Amino acid sequence: MAVCIAVIAKENYPLYIRNVPTQNELKFHYTVHTSLDVVEEKISAVGKSLADQRELYLGLLYPTEDYKVYGYVTNSKVKFVIVVDSSNTSLRDNEIRSMFRKLHNSFTDVMCNPFHNPGDQIQSKAFDGIVSGMMMQTG
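A brief structural summary. (Residues numbered from 1 in each chain as written. Predicted model: local features only at pLDDT ≥ 70, side-chain atom pairs only at ≥ 80, totals over all residues. Heavy atoms only, no water.)

On to unusual backbone geometry. Positive phi, normally seen in glycine, also occurs at Asn12, with a value near 65°. Along the polypeptide, Asn12 turns up in the loop between β1 (2-8) and β2 (14-19). Notably, Lys77 is not glycine yet its phi reads approximately 70°, a positive angle. Following the sequence through the fold, Lys77 ends up in the loop between β4 (67-73) and β5 (79-85). When its relative accessible area of 34% is taken as the criterion, Lys77 is described as partly exposed. (Helix = DSSP H or I, 4+ residues; strand = E, 2+ residues; numbered from the N terminus. Buried < 20%, exposed > 50% of the residue type's maximum accessible area, 1.4 Å probe, protein only.)

Written as structure tokens, this is what we have:
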């Protein structure tokens, strides 16, 4: 089960951040912000080895004592970060991949909306519903 889901723009500002325990909101903002350094490292390392055939899923960025942080980057350099509770051992890598795919598809739907300005905060109820569904899922 995801405890925090974030969408970060190409210029590294948050387009969307949502976390389940709302009392730790600042902690999750910090976790997502610190994960961006790891995302940039992985993008540059992959960019040097493979020119255009880049895997969008970055995998486990780093584990902390309480959480595991996973990353995903779109072709347009928008970053998705999912923070998962470390106590959830039943969550497999392919389930994390499918969560990112679902998030990416929903993000694409938001970007295709003619009334959404790219670069603005995401305020779509459909996107929020997808994220809520991912946060309520139990492994």
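Let's shift gears to the nonpolar core. By size, the foremost hydrophobic cluster in this structure holds 26 residues, and its most contacted members are Val7 and Phe127. For this core, the secondary-structure elements that each account for two or more residues are β1, β2, β4, β5, α2 (93-111) and α3 (125-136). By residue number, the principal contributor to this core is α2, which donates six residues. Ignoring sequence-local partners within four residues, the contact set of Phe127 consists of Val7, Tyr16, Leu103, Ser106, Phe107, Val110 and Ile122. Core analysis: the second largest hydrophobic core is formed by 17 residues, Leu36, Ile43, Leu58 and Val81 among them. (Core = buried A, V, L, I, M, F, W, Y, C linked by side-chain atoms within 4.5 Å. Contact = heavy atoms within 4.5 Å.)

This part covers the pairing of β4. Of all seven residues in β4, six are buried, a share of seventy percent or more. Bridge count between strand β3 (residues 57-63) and β4: five bridges; the pairing is antiparallel. By the bridge assignment, Gly59 is partnered in β4 with Gly71. With antiparallel pairing between neighbouring strands as the criterion, β3 and β4 make up a hairpin whose turn holds three residues. Both β4 and β5 contribute to a ladder of seven bridges, which runs antiparallel. Each residue of the ladder has a partner; that of Gly71, found in β5, is Val81. Where β4 hands over to β5, the hairpin turn is made up of five residues, of which Lys77 adopts a positive phi near 70°. (Pairing = 2+ DSSP bridges.)

With twelve residues, α3 should cover 16 Å at 1.5 Å per step; its first-to-last C-alpha distance of 16 Å lies within 8% of that length. Phe127, Val131, Ser132, Met134 and Met135 are the residues of α3 that are buried. The arc enclosing the buried residues of α3, seen along the axis, measures out at 160°, which places them on a common side. The exposed set on the far side of α3, more than 90 degrees from its buried face, consists of Lys125, Ala126 and Met136. The inward-facing, buried residues of α3 contact β1, β2 and α2. Residue Ser124 occupies the N-cap position of α3, its side-chain oxygen lying 3.3 Å from the main-chain nitrogen of Ala126. (Expected span 1.5 Å × (residues − 1). Arc of directions from axis to C-beta. Polar contact = N/O pair within 3.5 Å; in protein donor to acceptor, adjacent residues only side chain to side chain.)

These figures come from the coordinates and say nothing about function on their own.
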